[in-house]
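Summary of structural features
In case you want the letters, here they are:
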Amino acid sequence: MQALRARTVSSDQVSPAVLPEPEPQPAQPETKPGTVKSELRRLGKDLEVTRGELKETLQHLAVVRYDAFGETGGKLSWSMAILDDNGDGVILTSINSRADARTYAKEIKSFTSESKLSPEEEEALETLRKESEQP
């Protein structure tokens, strides 16, 4: 028993241990072309690029239909906002009457337009603005 006690050191007598520095890890070696690991890395990079490009595509759409001339022919007129993730795109409007149809296009940058927007165009734009704010 005394021999064991002599070998055991109390915790207040122990000097702080110095941990060895971890050895630097070598850079990951390039994987061989055609292996599953290399294909997964390539596909991961391709996916990142594709996601970046997708943010700039016109993918958000809102349509407002209305009767531009009041009770004369139904809701044949419409305004349509088509935007990307940044709120850039176009608003297309078609005003239809019994005699003719007029079509307008207005550029949108960051959910705003330099051109004056009609209430229906504002409604379509506001719909997409609210959608973009939702998580």
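Here is a short report on the structure shown in this document. Because the structure is predicted, anything quoted here is derived from the model rather than measured. (Residues numbered from 1 in each chain as written. Predicted model: local features only at pLDDT ≥ 70, side-chain atom pairs only at ≥ 80, totals over all residues. Heavy atoms only, no water.)

Another point: unusual backbone geometry. Positive phi, normally seen in glycine, also occurs at Ser-110, with a value near 50°. Relative to the helices and strands, Ser-110 is located in the loop between strand E4 (101-108) and helix H3 (119-133). A positive phi angle is found at Phe-111, which is not glycine, with a value near 65°. Along the chain, Phe-111 turns up in the loop between E4 and H3. Judged by relative accessible area, Phe-111 falls into the buried class, the value being 14%. (Helix = DSSP H or I, 4+ residues; strand = E, 2+ residues; numbered from the N terminus. Buried < 20%, exposed > 50% of the residue type's maximum accessible area, 1.4 Å probe, protein only.)

Glancing now at the pattern of salt bridges. Side chains bearing opposite charge may pair, as long as their charged atoms lie close to each other. Tallying each qualifying case throughout the model produces six salt bridges. Across the salt bridge formed by Arg-42 and Asp-46, the nearest N and O atoms sit 2.9 Å from each other. Within this pair, Arg-42 and its partner Asp-46 are both found in helix H2 (residues 36-54), separated by four residues, close to a single helical turn. In this structure Arg-42 comes out as partly exposed when scored by relative accessible area, which is 40%. For the salt bridge of Glu-121 with Lys-106, the shortest nitrogen-to-oxygen distance reads 2.9 Å. Taken together, the residues Glu-121 in helix H3 and Lys-106 in strand E4 connect sequence positions 15 residues apart. For the pair formed by Glu-121 and Lys-106, the shared burial category is buried. Residues participating in the shared-partner salt-bridge network are Glu-39, Arg-42 and Asp-46. (Salt bridge = Lys/Arg side-chain N within 4 Å of Asp/Glu carboxyl O.)

For strand E2 (residues 77-83), a buried count of six out of seven residues is recorded, marking the element as mostly surrounded by other parts of the structure. Where strand E1 (residues 60-66) meets E2, seven bridges bridge the pair, whose relative direction is antiparallel. From the neighbouring strand, Val-64 faces E2, where its bridge partner is Ser-79. With six bridges connecting them, E2 and strand E3 (residues 89-96) associate as antiparallel partners. Opposite Ala-81, over in E3, you have Ile-91 as the bridge partner. Hairpin connection, E2 to E3: the antiparallel pair is bridged by five residues, and Gly-87 has positive phi, about 80°. (Pairing = 2+ DSSP bridges.)

What follows deals with the nonpolar core. Ranked by size, the top nonpolar core spans twelve residues in total: Ala-62, Val-64, Tyr-66, Ala-81, Leu-83, Ile-91, Ile-108, Phe-111, Leu-117, Ala-124, Leu-125 and Leu-128. Every element with two or more residues in this core is listed here: E1, E2 and H3. Excluding its chain neighbours within four sequence positions, the residues that come into contact with Leu-83 are Thr-57, Leu-58, Gln-59, His-60, Asp-88, Gly-89, Val-90, Ile-108, Phe-111, Leu-125 and Leu-128. (Core = buried A, V, L, I, M, F, W, Y, C linked by side-chain atoms within 4.5 Å. Contact = heavy atoms within 4.5 Å.)

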